[in-house]
2 protein chains.
Amino acid sequence: MVNETQHTCSTSSSSKSDAGSSSGSESSKDSSRCSTPVLDADRHERLREKMRRRQDSGDKWFSLEFFPPRTANAAVNLISRFDRMGAGGPLFIDVTWHPAGDPGSDKETSSMIIANTAVNYCGLETILHMTCCNQTKDDITGHLQKAKRLGLKNIMALRGDPAGEEWEEEVDGFNYAVDLVKHIRNEFDDYFDICVAGYPKGHPEAESYEADLRHLKEKVFAGADFIITQLFFQSETFLKFMKDCQAIGITCPIIPGIFPIQGYHSLCQLVKLSKLEVPQEIKDVVEPIKDNDAAIRNYGVELAVSMCRELLDSGMVHGLHFYTLNREVATTEVLKRLGIWKEDPRRPLPWAVSAHPKRRVEDVRPIFWASRPKSYIYRTQEWDDFPNGRWGNSSSPAFGELKDYYLFYLKSKSPREELLKMWGEELTGEESVFEVFTCYITGEPNKNGHKVTCMPWNDDPLATETNLLKEQLEKVNRRGILTINSQPNINGKPSTDPIVGWGPSGGYVFQKAYLEFFTSSEIVTALLKVLKKYELRVNYHIVNVKGQNITNAPDLQPNAVTWGIFPGREIIQPTVVDPVSFLSWKDEAFALWIEQWAKLYEEESPSRMIIQYIHDNYYLVNLVDNDFPLENCLWQVVDDTFELLN
Amino acid sequence: MVNETQHTCSTSSSSKSDAGSSSGSESSKDSSRCSTPVLDADRHERLREKMRRRQDSGDKWFSLEFFPPRTANAAVNLISRFDRMGAGGPLFIDVTWHPAGDPGSDKETSSMIIANTAVNYCGLETILHMTCCNQTKDDITGHLQKAKRLGLKNIMALRGDPAGEEWEEEVDGFNYAVDLVKHIRNEFDDYFDICVAGYPKGHPEAESYEADLRHLKEKVFAGADFIITQLFFQSETFLKFMKDCQAIGITCPIIPGIFPIQGYHSLCQLVKLSKLEVPQEIKDVVEPIKDNDAAIRNYGVELAVSMCRELLDSGMVHGLHFYTLNREVATTEVLKRLGIWKEDPRRPLPWAVSAHPKRRVEDVRPIFWASRPKSYIYRTQEWDDFPNGRWGNSSSPAFGELKDYYLFYLKSKSPREELLKMWGEELTGEESVFEVFTCYITGEPNKNGHKVTCMPWNDDPLATETNLLKEQLEKVNRRGILTINSQPNINGKPSTDPIVGWGPSGGYVFQKAYLEFFTSSEIVTALLKVLKKYELRVNYHIVNVKGQNITNAPDLQPNAVTWGIFPGREIIQPTVVDPVSFLSWKDEAFALWIEQWAKLYEEESPSRMIIQYIHDNYYLVNLVDNDFPLENCLWQVVDDTFELLN
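Residues numbered from 1 in each chain as written. Chains lettered and ligands numbered in written order. Predicted model: local features only at pLDDT ≥ 70, side-chain atom pairs only at ≥ 80, totals over all residues. Heavy atoms only, no water.

J.: I'd like to hear about the packing of aromatic side chains, residue by residue, with values.
T.: All names here are of chain A. Per the stated rule, a full pass over the model turns up 63 aromatic pairs over all chains. An aromatic cluster is built from Phe 368, Trp 369, Tyr 376, Trp 383, Phe 386, Trp 391, Phe 399, Phe 582 and Trp 585, whose rings are joined through pairwise contacts. Directly above the ring of Phe 221 sits Lys 217, whose terminal nitrogen or CZ lies 5.3 Å from the centroid. (Phe/Tyr/Trp six-rings, centres within 6.5 Å; stacked < 30°, edge-to-face > 60°. Lys NZ or Arg CZ within 6 Å of the ring centre and 35° of its normal.)

Structure follows, in structure tokens:
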């Protein structure tokens, strides 16, 4: 990491004053200096730079290809898959373009919207495929503008399959991928990173292998940044192709496309589509076991692993691109066996970042959306600036309304029947609600034997970090302090700590203890009496659905509750308790009672009325213990409250 | 501190989205929210608000009046006095207007420039007096505009003494203070806080006491915010005056002007000027001891203390205004005996803040100017924005040139002869320079018996905090590591800590260990070898006068080295090591060798050549130990370096 830059600045130039003219203006030095601290270079680099950096560091990588789903439910599942497979650390994912599926539309199953979701809500570097044949220039430009607006930065430029048998070149139209590459560079300059397809056996329609190589070179020289290849079955096929590319002057990265055979049927289909020939030795193995899915998949994994090993061992390959067919098991297995699936428990920030370029500097968020990061991203998507360094500096405290609970990336992963099993087919009173919260915390099955693995405020099981507080949380939920968010206090743990760590290594992370819960007005009355004893130590915000708000926060200032100290960097404080945002969160938190829970039941049913009662009468409370070096006092606050009530 | 604000926000209003229109724009909620965290309300309030707040809290205060000095040397002394008397916590100081002394000019002895220095460089809330008679509207407006530009926010509006015996009212001119008050409100709206003078015995030229009260009421109704009175000798005089004011409807604060008798001569002169009569009982005491200065001063202090006690005990008086006559002893003594001199060791920030309104949000500075805050303020005076929250966000990394070493607020307090005694009449080699640095650190006299109480980089004796490092500093300076700035690491001490604390109480402060020094290239070579072992732990910047720069700072990012965590607030990080600013500081730090030290000696003299050699050949080094929770490793780094050299 030694970086001994010897740059000579003459005394006069480095002290040159622009005080006389207009200071505060850009000085020439500004250009050599980032205007905001970079915690994580990855967020600031474009894809081709990331690729280059990985190649330079010798760090092997992988990427994953998906196609857009057919139904809204499948879209919900695909987004969960993005989150799960994103955890393995792909350098990027790509989403194919299905001309038949209205790919540029706002439908939740369109290529455009799936790619948008991957970038913005899953924080994945994403390439959107785009085909050009049979499309007008205006169509294409429109798609590209939309992609740019949504924060997409990478396009895979393809010709696509001509519609109709007797396809003919259009004069001035888009006939080949190279036309699309040129168009993107003409209209969008250097904004997009462009990927093009390479055919290790030559494109099936090309006059010859050599002619196809020349076409590829044209695409690269027209402005493509890297190449992903069609699938192939033998490493030599790729390595020969790569050498041939280099021989004619193609120097950009060429990424082999890997297809782990996952079943007989999909193999046949793909082979038919791609007009590839399956080598005899593979046929010989597959044919006899064609009805044994597990056997074929095992064989496919073996085959892919050994081929990938050959590729990586050749020294010519730095990254592998996987055709997942939207499936998880085989690809994950191959990646794990290759040792390049890297579930890094270390997070760049304590919350899930978005990969939209305009959110690149974002490094502060209110803690309230900790379990609903996609909702937070959605409700702030129209902001022009994102808080960087301080929340207080944010010029955009206005949150978009959240009426769109049906949005596929905000919807519960569980269907209604499952939710009813978890949260109760029939509620008998407030206590049965306490029971649901308690089961969620403990992980124990409810009285009907079902585990509660999600809640309206949290679609995932309890965070590892929250487990640190499990025992106390169980106790308080049982008594009607219905917790929805919490964190323990942390007084300087290494940033590499597997549970609470985040950010680059060599740093120290800190937290103030935080507790957020719904509770009845009786408990709030007692709590307020108790809080007087903790006046300087505990900050609180207490609000009901009507917005009646009780707080001791000085001047409505935000309270930083998570921060990190890193070598050679300014302080990072990624989560704050902001009194103003709390009122927007309050609306969402109360609405989730109705939208996700009450609406499971018939109108006028007792169960629904119980939830409605809680919604109408309970308070949402948050507490911060400012004395992070001492033992968390919030449990004592709650104990004192219960004692006062007894 | 309970602040239970019950404000009802309807659900819809608090979640109102402006996402559809242009978000990032000001929402209605913005107005209820400060855009930046307020660490210290004092910096954000105007004088009349501070006065009101003190009155509400029952916290008694004082203020101090000074007149502009006659000579540049006296100005240097007055500024030191501002710093020393500022330590006692005056609510404000005021600077009188001397029409004969070109009071609005840029001369270092003008009223304007002295007031400017008090506000900007000493960080004192300041009232500038201004008289209006015999001046044109344009003159007055010009003065007021200049005062505003310099950051002055308060004006004491006075008539002034008419020039010439036969003064006559001018039609449309400024004949009375009330004309000036009206003019200020007309031309500058509510920008200035305005103070006017009250005469407890009536103005000597007024037709009657009652007529004078009516004039005072006119001034208040024209827009004055508070009243400071002429001096008086008996508390009843003031208390009667105050009741009479209230009786005719004057409700603004009225601050008694206190004149501690400091000598027979000054008493006579003041009495003559103010046309006041000294009560017989005072005359009876003073006349017999008129040649005994000490006795008169003691009597004056006694008299002032007992009168002030009576005023404060009346319950009608919240603040006391002292006519200091630019002297320190008597006023300080009175204030200490009254118990309202409050040397608060707690600082709002670790560095001396400026009271210029545009610097109000400033809360980050590079550590380099820690001992030269006035130089830092000077070199950044033209900036439009000041770093708030993060240094990296600062849009103004360009520092003004510092050629003006002669500026009276930057000049050494010690005369040339004294500096020569401290730093050596004759230097015999680099070792004699090491000796000077060592004596400064240890506080021991040099071989000629003189203590070294200042250095070119630090006009004051060693900071208490640096004393924590004294032993190690002595050792390294003796061997040619010539330290000019350092701080120990601190891992979470209370913000009220008397040595390293700062900011509001209830917080925790932290520091990374820092060491900055000049040293020879031989030592730098060894140091760089040693630093390889500490690569991830220690950040360094090493630069010579020509700007050859060696660093391991990632991406030229600033490194926060002081930060504080406070209840209900975002993180404050007031000092950073910024690689870019370091190059501007380097110019200043190297120039100080020549400007302050070498120039004490004859040109071509051996002493001068020794300093010149160091200036030309040494490096300026700074080191940060990022592992603040562990024992400071910088001493080990230096020890390893010496060992390598042996």
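Back to the text.
J.: Quick one: what's the story with the confidence of the model for chain A, residue by residue and with numbers?
T.: Residue and element names in this part refer to chain A. Confidence along chain A averages 88 in pLDDT terms, with 91% of residues attaining 70 or more. Within chain A, helix H1 (residues 11-14) has the poorest average pLDDT of any element, 33, and strand E18 (residues 619-625) the best, 98. Here residues 1-38 is a poorly scored stretch, pLDDT under 50, and it has 89 contacts once near neighbours within four places are set aside; other chains count. This complex was scored by the predictor with a pTM of 0.85 and an ipTM of 0.83. (pLDDT = per-residue confidence, 0-100. Helix = DSSP H or I, 4+ residues; strand = E, 2+ residues; numbered from the N terminus. Contact = heavy atoms within 4.5 Å.)

J.: Give a description of unusual backbone geometry that names residues and reports values.
T.: Residue and element names in this part refer to chain B. Look at Asp 102: it is not a glycine, yet its phi comes out positive at around 55°. By the secondary structure assignment, Asp 102 is in the loop between strand E3 (92-95) and helix H4 (111-120). Although it is not a glycine, Asp 189 adopts a positive phi angle of roughly 55°.

J.: Now, about helix H14 (residues 416-423) of chain A: what can you tell me, with residues and values included?
T.: All names here are of chain A. Considered for burial, the residues of H14 that qualify are Leu 419, Leu 420, Met 422 and Trp 423. All buried residues of H14 fall inside an arc of 165° around its axis, so they share one side. Where H14 is buried, its residues meet helix H15 (430-442) and helix H19 (579-597). At the exit of H14 stands Gly 424, carrying a positive phi of roughly 105°. (Buried < 20%, exposed > 50% of the residue type's maximum accessible area, 1.4 Å probe, protein only. Arc of directions from axis to C-beta.)

J.: Give me the sheet that holds strand E12 (residues 490-494) of chain B: which residues, what numbers.
T.: All names here are of chain B. On the basis of which strands lie adjacent, the open sheet formed by five strands has the order E10-E18-E17-E13-E12 and mixed pairing. Across the chains shown, the open sheet's two edge strands, defined by having one partner strand only, are strand E10 (365-366) and E12. Here strand E13 (residues 508-511) pairs with strand E17 (residues 559-565) via four bridges, running antiparallel. Note on E17: the bridge partner recorded for Gln 511 is Thr 562. (Pairing = 2+ DSSP bridges.)

J.: Outline the pairing of E17(B), listing residues and values.
T.: Residue and element names in this part refer to chain B. Buried residues dominate E17, accounting for seven of its seven residues. Pairing of E17 with strand E18 (residues 572-577) involves four bridges; the strand directions are antiparallel. The residue bridging Thr 562 from the neighbouring strand is Thr 575, located in E18. Joining the antiparallel neighbours E17 and E18 is a turn of six residues, in which Gly 568 adopts a positive phi near 65°.

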